[in-house]
Amino acid sequence: MKITHIRTNRFLAIITLFFVAIINALAQTENVRERVFIDVNTHDLLVGETLQYSTFCLSNTTNKPSALSKYLYVELIGEGGVVFQRKHQLENGKASGEFFIPSNIETGKYYLVAYTRWMRNFDDVTQAPLIFINPYKGHTNADVLTEDVTVEFNTVSGVLIANTANNVVFKVSQGNKPLIRKGRVISEDGKQIVDINSDANGFGAFEITPEKGKSYQMLIENPEGGFKFFDLPSATDTGVGLNILHTNAEIELKPYGDVKGGRLYIEHQGNVVLERDVQSTYPIRIKRTELPYDVLRVSFKDNQGKLSYLVPLFNTKLGLETSPTILETRSPAVIEQQLAKGNYSVSIRKSFGNQTPQMHAAFSKEGLSLPENLDYTELQNAASFYRIEEKELPTSISFLPEYRYQLLEGVLKAESGSASVENKNVILSLTGEKILNMSVARTDSEGRFLLEYQTMNRGKQTDAHLTMPEFESEYSFEISDNFKKQHQLDFSPVIIDTAQLAEIRERSIISQLENAYFTPLIDSSEIENNILPTMNAFNAHYEFDDYVRFRTLKEHLVEYISVAGVREKRGVKRFVVYDLDSNFDFELESLVLLDGVPVHAPDLLEFSPYRIKSVDIANKRYFLGSYIADGVLSFKTIEGNLGGFEIKNNHMAFSLLTPEAEPKTAGGNPLEDLRTPDARIQLLWAPEYEVAEDGVEQIQFNTSDVEGDFELVIEGFTEEGIPVSIIKKIKVKERTNEKG
């Protein structure tokens, strides 16, 4: 028993040191946080189409692949609840998957949600909004016309400062739908200050020098006539603001307001890349080439260290080529693109006029979801409605990262008040893995335990059992789910206008045609089992059918199993394993397994031996983590699923979700059989496109029979953590058969 005590203390000490190291890291750096960027092939899909996604698990600071987590949790959630939950094993911070939109899905807004177990400590969750449309079910639009037109105002600092020129950004919308509107800003005496216009995204901007104590209004013209009035925020004579002016060559930062000294900072990936003393309202001009090509952070602190603002600063935008590449239907194609060394996802898909805007890696760092086709100034204006929130790092953590293995957390509970839950061994048996797959953890003073385990990546549930192999007292288990139970999601109504109906009809026909001729990938090979058995060094193996079967299990051990036997003391029977080393005496109980699950020996000895197929025996001291046994007897039933044996106490049977299997690559060449229609609107999806060195990439694909406008979209991150978002337009025309 002394050995057990030493090993237990050592195990608890290691866990304690690990917790201390994590908490110290939290106190010293923000680089301990992770984030996930989700790239999808499209944000709106019809029934019969396939959602394809690629995920990047990154350091929240550097944008480089995170080494903290090996597993990612992905959920698809609609207003009616969870559609699916998946677990992915991350390779170099990346994972990908797909989901065929079934015919029973309801039209509405959905979210693809992704996070790691470690991210739950910071309540960091990435949400990619999606819209699913089911044209085969009726849909009634919400009456957004009954909702009021709203106008939001903002400045970089968040306040309107009196007696100085403020650049004010506004947004016009109705029921979350952006509006194009004209109008003007007037003073309280009716004097016109400036004319205003909002663009297709509802955004606009104007400059105003307000006087303290005076009120100002914006008049918005109604298309059917008349005006709507909106009050501007009241101006204050305290505070520090910032006007940001962008040109293609430089950025001008002009402080204004109560500037009495302080420092202006520009940060990138947690590091200050530029700082300037600010003693006046004199503008600061910076060449773009002096700054990293990324979305940066700009902030101002006064001489007392008080922060006045912290906002995004744009030194990047989408790499957008509007002049289309012309291609022919049903033809091989190659598009060249300069890419830096890094990891990307590549999509080539037909574009539609009313599609939901794509989320982009270029703006993902600060959680920005911004429209396309915006210049630097327009990006800065749109970002005014996104505030950077600096979350305080937690002083303690609840979820350890799945750094190497999957983790299962739970609590052991005593059914009687006198039984202790401290320093108890809890054994996890994964019987669905078809090998002896076990792990063990020791409970703390409150009965809590944390188990590490491995499974084959099948994307399915696997049978699992928890056992506390001291059967003298009764215990039960409670386990925690690594998936979040609640999410804060906004399920605003989906509005389908008449302009979309023809497009939906076209897509529906294409989808039906593609599915009619779709040939599923057939892979008869088994998923490779790369998990080593927990124990394979057995000394003896007995197949019960090789011998005469007896009425009781005890008789089998007496008659022909020479390395083990049965002893009875005070009416209680138990198994014993005979030690082959005469200089060493067994003093601990043997571990008795049935199909990989620890069982109570007296109960198993009453079980029918006709249900047992074989037994493996190890007649030596065995260490399974903190659990020590003198010998192991591993019985297997004919069925392989406990064979109807009932474990009466200290046991819990349940299922664990295994990580997704490696996605299969599409086979076949659509150009080989020109008689079969090819109705693909997704011409290429490469979720894990790795670039080994800087240079020009040859992106190869085949066009389909579908004509029209397509987009090549490249999303990802360079080796240095710089986000890359590139969009190229493609026009596919009918193939011409020229005769020579």
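Residues numbered from 1 in each chain as written. Predicted model: local features only at pLDDT ≥ 70, side-chain atom pairs only at ≥ 80, totals over all residues. Heavy atoms only, no water.

Chemist: Summarise the overall build of the protein chain; cite the residues concerned and give the values.
Modeler: The helix and strand tally for the protein chain stands at five helices and 46 strands. The C-alpha extent of the protein chain, read off along each of the three principal axes, is 105 × 80 × 50 Å. Per-residue burial for the protein chain yields a buried fraction of 50% across its 740 residues. Nonlocal contacts in the protein chain, meaning residues at least 24 apart in sequence, comprise 72% of its contacts between residues at least 6 apart. With the model as given, the accessible surface of the protein chain reaches about 36,800 Å², and the carbon-plus-sulfur share is 47%. Considering the protein chain, the positive charge centre built from 76 side chains and the negative charge centre built from 104 side chains are found 2 Å apart. (Helix = DSSP H or I, 4+ residues; strand = E, 2+ residues; numbered from the N terminus. Buried < 20%, exposed > 50% of the residue type's maximum accessible area, 1.4 Å probe, protein only. Contact = heavy atoms within 4.5 Å. Areas by Shrake-Rupley, 256 points an atom, 1.4 Å probe, with all protein chains shown as cover. Lys, Arg positive; Asp, Glu negative; His and termini not counted. Charge placed at Lys NZ, Arg CZ, Asp CG, Glu CD.)

Chemist: Tell me about the sheet that holds strand 40 (residues 612–624), and please be specific about residues and values.
Modeler: One open sheet accounts for five strands, arranged 35-40-41-38-39; its pairing is mixed. What marks the edges here is a single partner per strand, and that holds for strand 35 (540–543) and strand 39 (597–598). Pairing of strand 40 with strand 41 (residues 627–637) involves 10 bridges; the strand directions are antiparallel. Bridge pairing in strand 41 links Arg-621 to Asp-630. (Pairing = 2+ DSSP bridges.)

Chemist: Tell me about the packing of aromatic side chains, and name the residues and values.
Modeler: What the rule picks out here adds up to 20 aromatic pairs. Judged by centre distance (5.5 Å) and plane angle (70°), the ring pair of Phe-56 and Phe-717 falls under edge-to-face. Here the residue Phe-56 occupies a position in strand 3 (residues 50–59), and Phe-717 occupies one in strand 45 (residues 708–718), the gap between them amounting to 661 residues. Side by side, Phe-56 and Phe-717 carry an identical accessibility label, which is buried. (Phe/Tyr/Trp six-rings, centres within 6.5 Å; stacked < 30°, edge-to-face > 60°.)

Chemist: Can you lay out a positive patch on the surface for me, pointing to particular residues and giving the numbers?
Modeler: On the surface, a cluster of positive charge is made up of Arg-567, Lys-569, Arg-570 and Arg-574. Looking at where Arg-567 falls in the secondary structure, it is placed in strand 36 (residues 564–569). (Patch = residues over 30% accessible without salt bridge, like charges linked within 9 Å, V, L, I, M, F, W, Y side chains within 5 Å. Salt bridge = Lys/Arg side-chain N within 4 Å of Asp/Glu carboxyl O.)

Chemist: Tell me about the sheet that holds strand 16 (residues 216–221), and please be specific about residues and values.
Modeler: Strands pair in a sheet through their backbones, by hydrogen bonds, and they do so in one of two ways: parallel or antiparallel. Reading across the sheet, the four strands line up as 14-13-16-17 and stay open at both edges, with antiparallel pairing between neighbours. Looking at which strands have only one partner, the edges of the open sheet turn out to be strand 14 (192–197) and strand 17 (227–231). Strand-to-strand, the axes of this sheet are offset by a mean angle of 25°, without reference to chain direction. In terms of strand pairing, strand 16 meets strand 17 through five bridges, oriented antiparallel. (Axes fitted to C-alpha atoms, helices over the stretch in contact; angles between N-to-C directions.)

Chemist: With reference to specific residues and values, describe the nonpolar core.
Modeler: Counting 33 residues, the largest nonpolar core has Leu-76, Ile-101, Leu-112, Leu-130 and Phe-132 as the members making the most contacts within it. Elements with a minimum of two residues in this core: strand 1 (34–40), strand 3, strand 4 (71–78), strand 6 (94–100), strand 7 (108–115) and strand 8 (126–133). Of the residues forming this core, the biggest block, six residues, is contributed by strand 7. Those residues in contact with Leu-112, other than ones at most four positions away along the chain, are Ile-38, Val-40, Leu-51, Tyr-53, Val-74, Glu-75, Leu-76, Phe-84, Thr-126, Gln-127, Ala-128 and Leu-130. If you look at the next biggest cluster of nonpolar residues, it comprises 28 residues, including Leu-553, Tyr-560, Leu-633 and Leu-642. (Core = buried A, V, L, I, M, F, W, Y, C linked by side-chain atoms within 4.5 Å.)

Chemist: Which residues make up the pattern of salt bridges, and what are the values?
Modeler: Counting across every chain of the model gives 31 salt bridges. The partner of Lys-484 in a salt bridge is Asp-123, and the shortest N-O contact between them spans 3.5 Å. In this pair, Lys-484 is assigned in the loop between strand 34 (475–479) and helix 3 (498–516) and Asp-123 in the loop between strand 7 and strand 8, connecting sequence segments 361 residues apart. Judged by relative accessible area, Lys-484 falls into the buried class, the value being 17%. Note that Asp-277 is salt-bridged to Arg-263, the shortest N-O span being 2.4 Å. Residue Asp-277 is located in strand 22 (residues 271–278), and its partner Arg-263 is located in strand 21 (residues 262–268); the two are separated by 14 residues in the primary sequence. Here Asp-277 falls in the exposed class, since its relative accessible area comes to 51%. Under the relative-accessibility criterion, Arg-263 is labelled partly exposed at 26%.

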